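Architecture and fold: a report
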Amino acid sequence: MRHFLRDDDLTPAEQREVLDLAARMKRDRFSERPLEGPQSVAVLFDKTSTRTRFSFAAGVSDLGGNPIIVNPGEAQLGAKESIADTAKVLSRMVSLIVWRTHAHSGLEEMAEHATVPVINSLSDDFHPCQILADLQTIREQKGELTGLTATYLGDAANNMGHSYLLGFATAGMHIRVAGPAGFHPREDIIEDAKRIAAETGGSVTVLTDPVEAVIGADAVITDTWVSMGQEAEKAERIATFGAYRVTGELMAQAKDDAIFLHCLPAYREYEVAPEVIDGAQSVVWDEAENRLHAQKALMAWLLKESK
């Protein structure tokens, strides 16, 4: 049984397969119908969402299936019923389990006991579905991924920092992440990404200087500085990450044809200046749309590989 819990659950060749399929599905949205029946997909939310909810609900429907959306507090999961028991029950009723949650260990337990593919639609440690959408977007703009340089700025210790390292290294890219001291990725994730990069021809660099990180980059990426659950730390985090704000001046250090990505939601004037996210170099709306296509391709691929 194949699951997608973190970015390196796909080999480089498998990642290319999924991205190729995503491109084909974008050209012909209803060409693949592996959930015809309709079969059902459980889409579980422990955290609120816009892009994840709409992209998976629409994507399951496009594939011929029925999305069963479960909002926070609407199921017994993790409260009156264990994750293991929930996995066994859902596996009898649905063809895929998609879960947006907190602790990554919960996803691992779900996958251990499920007999259908489990997809991590976000955890505290990884956000691999977003990375597939980002890779699809960059490939659309640049034609190829191998050898490109991408820079991620801000809180490099969060799930996005971890997933950019693993996912972009898998794609054979040169990934740089930059954040202040104390906000760098976990060492084990850095080592995993370096091991992958050694096989794919990519590289992994962790920096503190935002200007050094951006120089010559093909893509510049950031994320919100204040994620769900960190609202009480807002003022402190804005002060901590202020030097990593993506401005027009900072973008000018990247290549002339560099693109800007942000997984959204974005807070203009904090992590990114309005002239950047709303400017000509921004591809954030293509990036948001590609959540739909990349996740459809992932679901179709996992169903095929898990037969």
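That block above? That's the structure.
Read on for an overview of the structure. (Residues numbered from 1 in each chain as written. Predicted model: local features only at pLDDT ≥ 70, side-chain atom pairs only at ≥ 80, totals over all residues. Heavy atoms only, no water.)

Section: helix α7 (residues 187-200)
We apply this condition: Only runs of H or I of at least four residues qualify as helices and only runs of E of at least two qualify as strands under DSSP, and these elements are numbered from the N terminus. A helix is expected to reach a length of 1.5 Å times the quantity of its residues less one. Burial classes follow relative accessibility: with a 1.4 Å probe on protein chains only, a residue under 20% of its type's maximum area counts as buried, one over 50% as exposed, and anything between as partly exposed. The arc in question is the one traced by the directions running from the helix axis out to the C-beta atoms.
In this model α7 runs 20 Å from its N-terminal to its C-terminal C-alpha over 14 residues, within 8% of the 20 Å that 1.5 Å per residue would give. For α7, the set of buried residues is I189, I190, A193, I196, A197 and T200. The arc enclosing the buried residues of α7, seen along the axis, measures out at 130°, which places them on a common side. Among the exposed residues of α7, those pointing more than 90 degrees away from its buried face are E187, A198 and E199.

Points about the pattern of salt bridges
A side chain of one charge can pair with a side chain of the opposite charge when the charged atoms of the two come close. Our working rule: Each salt bridge in this description consists of a side-chain nitrogen of Lys or Arg and a carboxyl oxygen of Asp or Glu lying within 4 Å of one another.
One pass over the structure, following the stated rule, counts 18 salt bridges. We note a salt bridge from D8 to R6, for which the minimum N-O separation is 2.7 Å. When its relative accessible area of 18% is taken as the criterion, R6 is described as buried. Across the salt bridge formed by R186 and D188, the nearest N and O atoms sit 2.8 Å from each other. Assessed through its relative accessible area of 38%, D188 is described here as partly exposed. Salt bridges here are not isolated pairs; linked through shared partners, they connect R6, D8, D192 and R195.

Re the pairing of strand β2 (residues 66-70)
The line we're drawing: Only when DSSP finds a minimum of two bridges between them are two strands counted as paired. Look down the strands so they point away from you; if the path from the first strand over the helix to the second goes clockwise, the crossover is right-handed.
As paired elements, strand β1 (residues 40-45) and β2 share five bridges and run parallel to each other. Following the sheet pairing, V41 is matched in β2 by P67. Between the parallel elements β1 and β2, the chain passes through helix α2 (residues 51-62) in a crossover that is right-handed.

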